[in-house]
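# An overview of the molecular structure
This is what each chain is made of:
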Amino acid sequence: MAGHDGGNIMFWILTGALALVLTVLLLLALLRGNRDTGPAEAFDLQVYRDQLSEIEKDTARGTIAADEAERLKVEISRRILAADTAAQEGNSDAGKAGIASFVMAGLVAATVLGGGFGLYTYLGNPGTPDMPLAVRMEESQKARDNRMSQADAEERMPAAEPVDAPEDYMKLVVQLRDAVEKRPDDERGLVLLASTEATLGNYKAAYEVQAKLVALLGEGATAKDYTDLADMMIIAAGGYVSPEAQEVLEQALALDPENGVARFYGGLMMAQTGRPDVAFQMWDILLRSSPPEAPWVGPIRAQIEELAFRAGISRYELPPLPEGHGDQAGPSAADVAAASDMTPEERQEMILGMVENLSERLAEEGGPAPDWAKLITALGVVGDSERAQAIYNEAKGVFANDPASLDQITAAATRAGLAD
């Protein structure tokens, strides 16, 4: 503490001395009496006298006629008298100019000293110690080690409004909950219930069911099973990556080091704990190596420019999207923000509009497997199971020779309650 106080005293001494020196220099320049060349009128008098001498020389050499020389002398003599009169009047007003100079000097001193320190006190942070890089990194590590738990973050979240779902649908949900409670080892039931709870906005219930599924699968759990769990936990905490969610993400990365969802949330966690520089590097690498239809590309593109600024990068240009990918298939960050202020009816209408846009695009232009999976999931959310089944059947034909894509399609159909 003593060293800290000593540093503060030294800071104020140095800044005060610099401000005082600067003020003195300004006052000396302002209060300096006469210029080396004297008053302006005295300079004019000297010029006119030199002109008279030149006229006399030119007359003697015969370059100027006598009558012309006489006329010029009269004119210059008149100017000499006028300049001499002005010089005398200037000397009589010297006291007044001195008073004005002293007043101005006082204003300058008050502005430089009082204004400078006042502005620093208002905008700055007096008493803050130096923060070298090593100290900032240590503080960031402390923030990660001591951040809120999942439970604490959930307690701070406002109560979620219930989703306006049809009564028949909610009866089915209740039956599904009862069935899973009676058969806790039913893998398919756990998958469907976790997806259903998430659809209803019950993310805490959703991740609790997903955690049971991961435990049931044991070593057979995939990286996606873990990232689905982490995703539900983070949404339940309002976008906050808790230590518990971080552990789940690390398990996903242990199975799949290139997992995009885990890498995205890893960058978000670094940004939330005071390391925007690391977060920016993680997101920039992920963005440039991901296909434009990847679900994390949109959120990264919406936030990475601000993150770059926080990381100290003054100029950052987003990598251009490939032609034909100017519009993302899913909702943008602005859409999500707007949806939070909508009524349930308006939100349902917006979702239906996005579903129609995506459906039309896939019908006319086709698209990658994630877009088909997104459409099937969305149709399940709005309760259009018949149409979701038709899209699922069509997608199976489109990706019949692509096992990896078929897995994505089947997973989406499972979440929508379609796949066997």
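It should be noted that the structure appears before, not after, this text.
The following refers to the structure shown.

Thresholds, definitions, all that
- Residues numbered from 1 in each chain as written.
- Predicted model: local features only at pLDDT ≥ 70, side-chain atom pairs only at ≥ 80, totals over all residues.
- Heavy atoms only, no water.
- Axes fitted to C-alpha atoms, helices over the stretch in contact; angles between N-to-C directions.
- Helix = DSSP H or I, 4+ residues; strand = E, 2+ residues; numbered from the N terminus.
- Parallel < 35°, antiparallel > 145°, perpendicular 65-115°, else oblique.
- Left-handed = near helix turned anticlockwise from the far one by under 90°.
- Contact = heavy atoms within 4.5 Å.
- Nonpolar A, V, L, I, M, F, W, Y, C, P; charged D, E, K, R; others polar.
- Expected span 1.5 Å × (residues − 1).
- Buried < 20%, exposed > 50% of the residue type's maximum accessible area, 1.4 Å probe, protein only.
- Core = buried A, V, L, I, M, F, W, Y, C linked by side-chain atoms within 4.5 Å.
- Salt bridge = Lys/Arg side-chain N within 4 Å of Asp/Glu carboxyl O.
- Patch = residues over 30% accessible without salt bridge, like charges linked within 9 Å, V, L, I, M, F, W, Y side chains within 5 Å.
- Areas by Shrake-Rupley, 256 points an atom, 1.4 Å probe, with all protein chains shown as cover.
- Lys, Arg positive; Asp, Glu negative; His and termini not counted.
- Charge placed at Lys NZ, Arg CZ, Asp CG, Glu CD.
- Phe/Tyr/Trp six-rings, centres within 6.5 Å; stacked < 30°, edge-to-face > 60°.
- Lys NZ or Arg CZ within 6 Å of the ring centre and 35° of its normal.

Packing of helix 7 (residues 167-182) against helix 8 (residues 187-199) leaves a shortest axis separation of 10 Å and a crossing angle of 140 degrees. Overall, the two elements helix 7 and helix 8 adopt an arrangement that is oblique. Crossing angle aside, the handedness with which helix 7 passes helix 8 is left-handed. When helix 7 is examined against helix 8, the residues Y169, V173, L176, R177 and V180 are found in contact with a partner set consisting of G189, L190, L192, L193, T196, E197 and T199. Residues belonging to the contact of helix 7 with helix 8 are distributed by class as follows: seven nonpolar, three polar and two charged.

Along its 14 residues, helix 10 (residues 223-236) runs 20 Å from first to last C-alpha, staying within 8% of the 20 Å computed at 1.5 Å per residue. Along helix 10, the residues classified as buried are A223, D225, Y226, T227, L229, A230, M232, M233, I234 and A236. Elements in contact with the buried residues of helix 10: helix 6 (150-155), helix 8, helix 9 (203-217), helix 11 (243-255) and helix 12 (260-272). G238 occupies a position one or two residues after helix 10 and carries a positive phi of about 75 degrees.

Time to look at the nonpolar core. Core analysis: the largest hydrophobic core is formed by 46 residues, its most contacted members being V241, L249, F264, W283, W296, I300 and I304. Within the residue set of this core, elements represented by two or more residues are helix 7, helix 8, helix 9, helix 10, helix 11, helix 12, helix 13 (276-289) and helix 14 (297-310). With eight residues, the single largest contributor to this core is helix 10. Once you skip the residues sitting within four places of it in the chain, F264 turns out to touch W283, L286, W296, P299 and I300. Grouped together as the second largest cluster of nonpolar side chains are 20 residues, V355, A373, A378 and L418 included.

Once that is clear, we can look at the pattern of salt bridges. When charged atoms on two side chains of opposite charge get close, those side chains can pair. Counted according to the given criterion, the structure contains seven salt bridges. Close ionic contact of K204 with E154 constitutes a salt bridge, the shortest N to O distance being 3.8 Å. Placement of the pair is K204 in helix 9 and E154 in helix 6, with a sequence separation of 50 residues. With relative accessibility at 44%, the residue K204 sits in the partly exposed group. Classification of E154 by relative accessible area gives buried; the value is 14%. Put simply, E197 and R177 hold a salt bridge, and the shortest N to O gap is 2.8 Å. Of this pair, E197 sits in helix 8 while R177 sits in helix 7, and the two are 20 residues apart along the sequence. On the basis of relative accessible area, E197 is assigned to the buried category, the value being 5%. Relative accessible area serves as the criterion here: at 29%, R177 is assigned to the partly exposed category.

Moving on: the environment of R315. By the element assignment, R315 lies in the loop between helix 14 and helix 15 (333-339). The exposed category is assigned to R315, whose relative accessible area is 79%. Measuring from C-alpha to C-alpha, the distance between R315 and E305 comes to 8.8 Å, with ten residues separating the pair along the chain.

Tracing the backbone shows T23 in helix 1 (residues 2-31). Taking the C-alpha atoms as reference points, T23 and V108, 85 residues apart in sequence, are found 7.5 Å from one another.

Before going further, it helps to spend a moment on a negative patch on the surface. Together, D152, E155, E244, E247 and E250 make up a negatively charged patch on the protein surface. Listed by contribution, the elements that provide at least two residues to the negative patch are helix 6 and helix 11. With three residues, helix 11 is the largest single contributor of residues to the negative patch. Here E250 shows up in helix 11. The partly exposed category is assigned to E250, whose relative accessible area is 44%.

Bringing the packing of aromatic side chains into the picture now. Going through the model one piece at a time under the given rule, you end up with four aromatic pairs. An angle of 5 degrees between the planes, with centres 5.1 Å apart, marks the rings of F264 and W283 as stacked. Note that F264 is positioned in helix 12 and W283 in helix 13, a separation of 19 residues in sequence. Here the aromatic rings of F280 and Y316 are separated by 5.1 Å at their centres, their planes lie at 85 degrees, and the arrangement is edge-to-face. Separated by 36 residues along the polypeptide, F280 in helix 13 and Y316 in the loop between helix 14 and helix 15 bring together distant segments of the chain. With relative accessibility at 14%, the residue Y316 sits in the buried group. Through successive ring pairs, a cluster of aromatic residues spans F264, Y265 and W283. For the cation-ring pair, K396 lies above Y392, with the distance from its terminal atom to the ring centre recorded as 4.5 Å.

Remember, this is a structural readout, not a statement about activity or role.
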